[in-house]
Structures are given as structure tokens and as C-alpha cells.
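Below, each chain spelled out in residue letters.
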Amino acid sequence: MKDEINENEVYFLGQDRPIPKNSFSKWKVVIGMIVIIALSIAGSLTWSFHKGGKAVPVLEGEILDTVSILPQGSKMPRFNGTDDMSAFMDWVCKHLVYPKGVETEKELVVVSFIIRTDGKLGGFNIRKAPRNKAFEEAVITLLEQSPEWEPAELPNGKKVNMKYTLPVLFRNE
Amino acid sequence: MAKYLIVSNSYQLLRITADRVAYIASDGSYSTLRLIGGEEHIFSFNLSVFEKLIEQQLQEEAGIFIRVGRSLIINSCYIYSINLTKQELTLSDLKFPDKFVLQVSKEALKSLKSVIEI
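Residues numbered from 1 in each chain as written. Chains lettered and ligands numbered in written order. Predicted model: local features only at pLDDT ≥ 70, side-chain atom pairs only at ≥ 80, totals over all residues. Heavy atoms only, no water.

As recorded by an unreviewed UniProt entry, chain B carries the name LytTR family transcriptional regulator and is attributed to Parabacteroides acidifaciens.

Looking at an unreviewed UniProt entry, one finds chain A named Energy transducer TonB and attributed to Parabacteroides acidifaciens.

This is the structure:
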């Protein structure tokens, strides 16, 4: 689900959201227009139409984030051929090995990776990790041994890469 | 009787009253729920999902929570201080063993200040 909140928007939950004041400054509009023009000139933008006849932009060769809005009829990646993301979480929990010598430490590692069109994981990128490199190495080592995935698919059957962000909390209980 | 907030994923379920939640912070596609005792729980969904969850489950009680920009939901009962110069929001209460100091943008803090000053 994509978060569409303005960065400086503030409101009480459960009530109507107030109309943000000055939500579009002159400079944001100018910058937005420059980005749109640059994307149009850069090329590699193809258009496809889904059943409703509504135009949907699809970027060829682009890596999609899991918070991207996929066109209707797309398929999310599936872990181990038949299972979904919750099975992947179970697999991580079962196979993650605490680095030796630091079993009492509580640490958080956040890693992003790409679920590739060939069903393998790659493009590992540590976004957050403690100073002790053993924790991130334990996570990467595990992910490199992941069973194969069914990659994400667009409605036309085209397989696409998808980026996923995984937080791993080492907590000895 | 106080309503409970139930947050769950495939491997854990958390059942807590609203007054135990200090804040929920998000960094992209996952969120960290911080309780007043200091406990942290991580869930791999974003703040909009949390927002809907809170509104659906807590109903009128949801109003104690404030969404602050894209990456934060706070329990307004625990707002202790807002420092625009340092861009800091401090959450604190007698129940807390320690206060939480959060870095928030100046514009969001200004908006928050005006919302709670009403």
C-alpha cells in the first residue's frame, strides 16, 4: 500500500485530514515539472493498456519496489514456487544463525535485495546494520542460500525484478 | 473497558492497549512500534497500514494518535516538548523509564505545534 502523505502533514487519526496549507510550493511545482520532462526525454518509457482500456506506464528494465503500484492483474513474487512472503519470513526465522560470541546482543539489520527474474535473490544492500559486521554477514549468507522464487509478473506475463526490504532483528529469547 | 490494538504478522501477534504505545516510526516498507517501556517491535508494513489498523480497532480512541509526516505516528498523550531549533520532539511521561527524543523536520514540528495548541 503506497503512503501518500505529505512530508510535513500532521493530523489526528480517526478524523478528517485537514487540507494542508501551502502543500505545493512554487519550487516543488518547478522541480516536479523538470523531473517529468526529464523522464519523458530519457526514453525507455513504454505504455501498455490493461483490460479497462486505461493507459498504464511501465518502465522497461526498471526494478520495482514492493511499494510500487502494480497494474491490475500483476503477480507479486512467490517464495519457493508456491508459498508467499509469510513462508519466506518463516524460512528466515528458522535458518538464521546468530553470529558466534555475540549471542546475547540484540541488533537490527535492514537489508534490501532484488527478487530477480531468474528466481534468485541478488543486489543485496545493507541499509542499516550494527558496527559488528558479523550480523549483516549472517543475514547475507542466509539470503544467498534462499530457495528459488517465482518472480513478479506484469499482466502481460512479463517477468520483472522486484526490490524488497527486510528488517531482521537479532533477539535472543 | 479499554480497547486493545492487535497487530500481527506470520510469526508474531502483539496485543496492547493504546496507552502503551509511545510511537510508531517507519523507514520505507517496514515500521517499528515502540512501547513506553522501551520495547521495540518491527513489522514489515508501512504507516498507512498501521493508521488504518488503529482507526479500525480503536475507533474513538484512535484520536489520541497523531500522524506526523510520512514516517511517524505518535501518542499525543506523551508529547513533552517540541524544540524547533534542534528539530526535536520529546515524548515523556512518569510511566516512562526514559524519554524518547525524535528528530522531526522543522515544518512538521511547526504543524504539530499548531495542531496541539488549538
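Text resumes after the structure shown.
Caption draft 1: The pattern of salt bridges, seen in detail. Taken as a whole, this structure holds nine salt bridges over all chains when the rule is applied. Between Glu7(A) and Arg70(B) there is a salt bridge; the shortest N-O distance is 3.7 Å. One end of the pair, Glu7(A), is in the segment before strand S1 (10-12); the other, Arg70(B), is in the loop between strand S6 (65-68) and strand S7 (72-75), on a second chain. Among the residues examined, Arg70(B) registers a relative accessible area of 43% and is labelled partly exposed. When the shortest N-O distance is used, the salt bridge between Glu60(B) and Lys3(B) registers 3.6 Å. Of the two residues, Glu60(B) is situated in the loop between helix H1 (47-58) and S6 and Lys3(B) in the segment before strand S1 (4-8); the sequence distance between them amounts to 57 residues. Residue class for Glu60(B) comes out exposed when judged on its relative accessible area of 65%. (Salt bridge = Lys/Arg side-chain N within 4 Å of Asp/Glu carboxyl O. Helix = DSSP H or I, 4+ residues; strand = E, 2+ residues; numbered from the N terminus. Buried < 20%, exposed > 50% of the residue type's maximum accessible area, 1.4 Å probe, protein only.)

Caption draft 2: Structural view of the sheet that holds strand S10 (residues 100-103) of chain B. Residues and elements named next belong to chain B. Spatial strand order, S8-S9-S10: three strands in an open sheet with antiparallel pairing. A single partner strand is all that each edge strand has here, and the edge strands are strand S8 (79-83) and S10. Going across the sheet, the axis of each strand differs from the next one's by a mean of 20°, ignoring polarity. Relative to S10, strand S9 (residues 88-91) is paired through four bridges, and the arrangement is antiparallel. Counterpart to Leu89 in the pairing with S10 is Leu102. In this fold helix H2 (residues 106-117) packs onto S8 and S9, with an angle of close to 135° to the strand it touches most, S8. (Pairing = 2+ DSSP bridges. Axes fitted to C-alpha atoms, helices over the stretch in contact; angles between N-to-C directions. Contact = heavy atoms within 4.5 Å.)

Caption draft 3: Spatial organisation of the packing of aromatic side chains. All names here are of chain A. Per the stated rule, a full pass over the model turns up 13 aromatic pairs over all chains. Each ring, one from Phe113 and one from Phe124, has its centre 6.3 Å from the other, and the planes form 50°; the classification is tilted. Taken together, the residues span a long stretch of sequence, with Phe113 in strand S6 (residues 107-115) and Phe124 in strand S7 (residues 121-128) at a distance of eleven residues. Judged by relative accessible area, which is 25%, Phe124 ranks as partly exposed. Their ring planes at 75° and their centres at 5.0 Å tell us that Phe135 and Phe170 sit as a pair that is edge-to-face. With a gap of 35 residues between them, Phe135 in helix H3 (residues 134-144) and Phe170 in strand S11 (residues 162-170) connect regions that are remote in the sequence. Both residues of the pair, Phe135 and Phe170, belong to the buried class. Within the aromatic cluster, the residues linked to one another by ring pairs are Phe79, Phe88, Trp91, Phe113, Phe124, Trp149 and Tyr164. (Phe/Tyr/Trp six-rings, centres within 6.5 Å; stacked < 30°, edge-to-face > 60°.)

Caption draft 4: Quick look at helix H2 (residues 85-95) of chain A. Within the span of H2(A), buried status applies to Met85(A), Ala87(A), Phe88(A), Met89(A), Trp91(A) and Val92(A). Contacts made by the buried residues of H2(A) are with strand S5 (78-79), S6, H3, strand S8 (149-150) and S11 of chain A.

Caption draft 5: Spotlight on the interface of chain A and chain B. Contact residues are listed per partner, giving 29 residues for chain A and 33 residues for chain B. Summed over both partners, the interface of chain A with chain B buries about 2,700 Å², with 58% contributed by carbon and sulfur atoms. The interface formed by chain A and chain B holds one salt bridge in total. Remark: the boundary between chain A and chain B carries seven residue pairs in polar contact (both at pLDDT 80 or more). Only S1, H2, S6, S7 and S11 of chain A provide two or more residues apiece to the side of chain A that touches chain B. (Buried area = accessible area lost by both parts, 1.4 Å probe. Polar contact = N/O pair within 3.5 Å; in protein donor to acceptor, adjacent residues only side chain to side chain.)

Caption draft 6: Representation of the pairing of S1(B) in the model. Residues and elements named next belong to chain B. Side-chain alternation along S1 places Leu5 and Val7 on a buried face and Tyr4, Ile6 and Ser8 on a face that remains uncovered. Note that S1 and strand S2 (residues 13-17) share five bridges and pair antiparallel. Bridging across to S2, Ser8 finds its partner in Leu13.

Caption draft 7: Structural detail: unusual backbone geometry. Residue and element names in this part refer to chain B. The backbone of Gln59 shows a phi angle near 55°, a positive value even though the residue is not glycine. Position of Gln59 among the secondary structure elements: in the loop between H1 and S6. Here the phi dihedral of Gln87 falls at roughly 55°; this positive angle occurs in a residue that is not glycine. By relative accessible area, Gln87 is classed as partly exposed at 32%.

Caption draft 8: The arrangement of H2(B) in detail. The end-to-end C-alpha separation of H2(B) is 16 Å, in line with the 16 Å expected for twelve residues at 1.5 Å each. On its buried face, H2(B) sits against S1 of chain A together with S6, S7, S8 and S9 of chain B. (Expected span 1.5 Å × (residues − 1).)

Caption draft 9: Structural view of the sheet that holds S1(A). Within the open sheet, the six strands sit side by side as S1(A)-S6(B)-S7(B)-S3(B)-S4(B)-S5(B). Their pairing is antiparallel. At either end of the open sheet lies a strand with only one pairing partner, and these are S1 of chain A together with strand S5 (40-43) of chain B. Recorded for the sheet is a direction-independent mean angle of 20° between the axes of neighbouring strands. As paired elements, strand S3 (residues 21-26) of chain B and S7(B) share three bridges and run antiparallel to each other.

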